[in-house]
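# Descriptive analysis of the structure
Each chain, letter by letter, is given below.
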Amino acid sequence: MKIAHVVGARPQFVKFTPISWAINKFKHTISSPLESVLIHTGQHYDYAMSDIFFRELGIQEPDYHLGVGSGPHGMQTGLILQRVEEILSRLRPDVLVVYGDTNSTLGGALAAVKLHIPIAHVEAGLRSFNKRMPEEVNRILADHISTVLFCPTEAAVENLRREGFSGVINNGKYIIHTQELVPYHRQVSPPWVINAGDVMYTLILGILETAKERSTILKDYRLEEKKYYVATLHRAENTDDEDRMKTMVAFINQVAAGTPVIFPVHPRTRKALEPFRSSFAAPVKMIDPLGYFDMVWLLSNSALILTDSGGLQKEAYWLKVPCITLREETEWVETIKSGWNILYRNYTGAHRPSNADEHFYGDGKNAERIVDALNVIFSEEHR
Ligand code: UD1
């Protein structure tokens, strides 16, 4: 089986990591050859936004680097489409795997569908129901041209059912076995919707111990456990609107009220924050983006997380740190239901987290299940 993957932005390096580990493990258990080809679009290109993840996490290195870089949406997505198409038409993989909701996801998926290469979408079915977000448009379109939709939660499966997807495996419950899956057939295969759990859950379970051993972040910034907060902001809906930025800065100041806040700043946000630099109250410390070990260790020892990132909302939940989401809505409705996460508008000074052991995101072996499923559906031995 030949699997190609398109990644390009920071959250995709993170989602690809456990899949890359699972593929390596899986290779030793099958007799037929498994080729995995990684295409990096270059949407993120700074060392701290890209290379550090490959270096630290031991992910498969990119086989192709497309050097697309920054630019307006049309240009960025167009370049990705054009350059991924060139590679896929030569490579002809059995399946292209795309991750999440960035312009790299959409550009990669469009290239594949036009070449009649089946697409597997990891993190399918998420919806904010706000089409002004570029991410919402990217994921809706990617979902509707995919052949296999790997959903992280039951809520994501339900979103797809409402949009007319009927090939729901195991009635939308988490798949533990792959018996219900059948090999792909160009003429008759419907799009399949599979609840495979969240791959970032697999990752965090896999790296927490190493993060603890390796990270020096608490020492570097002289932080005491549970005596500081972490903030991040990078969504266009926040950074591209001056009034929103003003509201967010004021909100962070108000919640911090004297507690130190560590703020790893995304490059997009650095520019947007320039006019507000002096508006932050003294304990807000802006630092460069962090590698994954430092980020996870910083989060896990913090007392509160304020963020507009999807990944951080879930990480907060898994690490049992209360989170305030700096957005008007969230796709990760389970984190809100559990009480660990709250939208900033609804925050009145406290969280009411549930200590129940809910399994919203699968059993943790999620990346392995995805690789298993890809093998059943796309490998030659099953055709
Ligand atoms: C992208 C994704 C978003 C994801 C986020 C995670 C889209 C539409 N958005 O947003 O879904 O949550 O990544 O980080 O695909 N820049 C640098 N160095 C870099 C990368 C970006 O300086 O390594 C700057 C550039 O000025 C660029 C801006 O950041 O113009 C925005 O980058 P872009 O690739 O458009 O998307 P993100 O905002 O990072």
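Residues numbered from 1 in each chain as written. Predicted model: local features only at pLDDT ≥ 70, side-chain atom pairs only at ≥ 80, totals over all residues. Heavy atoms only, no water.

## Some points on the overall build of the protein chain
- Each helix and strand counted, the protein chain has 15 helices and 13 strands in total.
- Taken over C-alpha atoms, the radius of gyration comes to 20 Å for the protein chain, in line with the 21 Å a tight globule of 383 residues would show.
- Overall size of the protein chain, expressed as C-alpha extent along the three principal axes, is 65 × 45 × 40 Å.
- Looking at the 383 residues of the protein chain, the share that counts as buried comes to 60%.
- Across the protein chain, every contact between residues at least 6 apart in sequence was considered, and the portion connecting residues at least 24 apart equals 69%. (Helix = DSSP H or I, 4+ residues; strand = E, 2+ residues; numbered from the N terminus. Rg over C-alpha atoms; globule rule 2.2 N^0.38 Å. Buried < 20%, exposed > 50% of the residue type's maximum accessible area, 1.4 Å probe, protein only. Contact = heavy atoms within 4.5 Å.)

## What to know about the sheet that holds strand 5 (residues 119–122)
- If you walk across this open sheet you meet the seven strands as 3-2-1-4-5-6-7, and the pairing is parallel. Looking at strand neighbours, the two that pair on one side only are strand 3 (64–65) and strand 7 (192–195), the edges of this open sheet.
- Pairing geometry for strand 6 (residues 148–151) and strand 7, over four bridges, is parallel. Within strand 7, the residue paired with valine 148 across the bridge is tryptophan 192. (Pairing = 2+ DSSP bridges.)

## Some remarks on unusual backbone geometry
- Backbone geometry places asparagine 170, a non-glycine residue, at a positive phi of 55°.
- In this structure, alanine 257 takes a positive phi of about 35° despite not being glycine.
- Examined against the element boundaries, alanine 257 turns out to sit in the loop between helix 10 (242–256) and strand 9 (261–264).
- The class of alanine 257 is exposed, set by a relative accessible area of 63%.

## Considering the sheet that holds strand 9
- The strand order across the open sheet formed by six strands is 10-9-8-11-12-13, and the pairing between neighbours is parallel. A strand with exactly one partner marks an edge of an open sheet, and here the two such strands are strand 10 (284–287) and strand 13 (341–343). Averaged over all pairs of adjacent strands, the angle between strand axes in this sheet comes to 20°, irrespective of strand direction.
- Two elements, strand 11 (residues 304–307) and strand 12 (residues 323–325), share three bridges in a ladder whose sense is parallel. Counted as the bridge partner of leucine 306 is isoleucine 324 from strand 12.
- Along the sheet, helix 12 (residues 292–300) makes contact with strand 8 (229–232), strand 9 and strand 11, crossing strand 8 at roughly 130°. (Axes fitted to C-alpha atoms, helices over the stretch in contact; angles between N-to-C directions.)

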